[in-house]
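Structural overview for review
As a plain string of letters, each chain reads:
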Amino acid sequence: PALVIPGFLAHDVTTSELRRALGEAGFRAFPWREGVNRGARKDTLERLTRALDRCQACEPVLLVGWSLGGLYARELARAAPERVRAVVT
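Residues numbered from 1 in each chain as written. Predicted model: local features only at pLDDT ≥ 70, side-chain atom pairs only at ≥ 80, totals over all residues. Heavy atoms only, no water.

1. Some thoughts on the overall build of the protein
A tally of regular secondary structure across the protein gives three helices and four strands. Reading the helices (α) and strands (β) of the protein from amino to carboxyl end gives β-α-β-α-β-α-β. Relative to the globule expectation of 12 Å for 89 residues, the C-alpha radius of gyration of the protein, 12 Å, shows essentially globular dimensions. The C-alpha extent of the protein, read off along each of the three principal axes, is 35 × 30 × 20 Å. By residue count, 42% of the 89 residues in the protein fall in the buried class. Counting only contacts in the protein whose residues sit at least 6 apart along the sequence, the fraction spanning at least 24 positions is 68%. Counting 14 positive and 10 negative side-chain charges, the protein places the centres of these two groups 3 Å from one another. (Helix = DSSP H or I, 4+ residues; strand = E, 2+ residues; numbered from the N terminus. Rg over C-alpha atoms; globule rule 2.2 N^0.38 Å. Buried < 20%, exposed > 50% of the residue type's maximum accessible area, 1.4 Å probe, protein only. Contact = heavy atoms within 4.5 Å. Lys, Arg positive; Asp, Glu negative; His and termini not counted. Charge placed at Lys NZ, Arg CZ, Asp CG, Glu CD.)

Written out as structure tokens, the structure reads:
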């Protein structure tokens, strides 16, 4: 499984081609489903954890973050290292 996190002011439509390419490479690619990335907020880590939960993975998840999404991916990996396979920014 792979979770794709969009950059600042981007959303899941913006990352659809990236998720398609990951799917063609054999990954089950999931969008973050949190709407437009409007920057860091108090609940950002909670929202990212929900996105990770929605992957319903029995194995560690590849986090793919574009721009600000890459910073989010690193923070999520730091908060839940046992749930993360690797981080790509």
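2. Some points on the pairing of strand S4 (residues 84-88)
The pairing of strand S3 (residues 61-65) with S4 spans four bridges and is classified as parallel. Within S4, the residue paired with Val 61 across the bridge is Val 84. In this fold, S3 hands off to helix H3 (residues 68-79), which returns the chain to S4; that crossover is right-handed. (Pairing = 2+ DSSP bridges. Right-handed = clockwise from strand over helix to strand, strands pointing away.)

3. Side note on the nonpolar core
By size, the foremost hydrophobic cluster in this structure holds 15 residues, and its most contacted members are Leu 3, Ile 5, Trp 32, Leu 48, Val 61, Leu 63 and Leu 76. Among the elements that take part in this core, H3 stands out by supplying four residues, more than any other. Among all residues touching Leu 3, those that are not within four sequence positions of it are Phe 30, Pro 31, Trp 32, Ala 51, Leu 52, Cys 55, Val 61, Leu 62, Leu 63, Val 64 and Leu 76. In terms of nonpolar packing, the next biggest core, distinct from the first, is built from five residues, Ala 2, Val 4, Leu 22 and Val 64 among them. (Core = buried A, V, L, I, M, F, W, Y, C linked by side-chain atoms within 4.5 Å.)

4. Thoughts on H3
With 12 residues, H3 extends 17 Å from end C-alpha to end C-alpha; this agrees with the ideal 16 Å at 1.5 Å per step. For H3, the secondary structure elements touched by its buried residues are strand S1 (2-5), helix H2 (44-54), S3 and S4. (Expected span 1.5 Å × (residues − 1).)

5. Details of the pattern of salt bridges
For the coordinates displayed, the defined rule picks out nine salt bridges. Salt-bridge contacts for Arg 20 lead to Glu 24; the nearest nitrogen and oxygen are separated by 2.5 Å. Of this pair, Arg 20 and Glu 24 both sit in helix H1 (residues 16-24), four residues apart, roughly one helical turn. We classify Arg 20 as partly exposed; its relative accessible area is 40%. Take Glu 24: its relative accessible area is 62%, and that puts it in the exposed class. (Salt bridge = Lys/Arg side-chain N within 4 Å of Asp/Glu carboxyl O.)

Keep in mind these values describe shape, not function.
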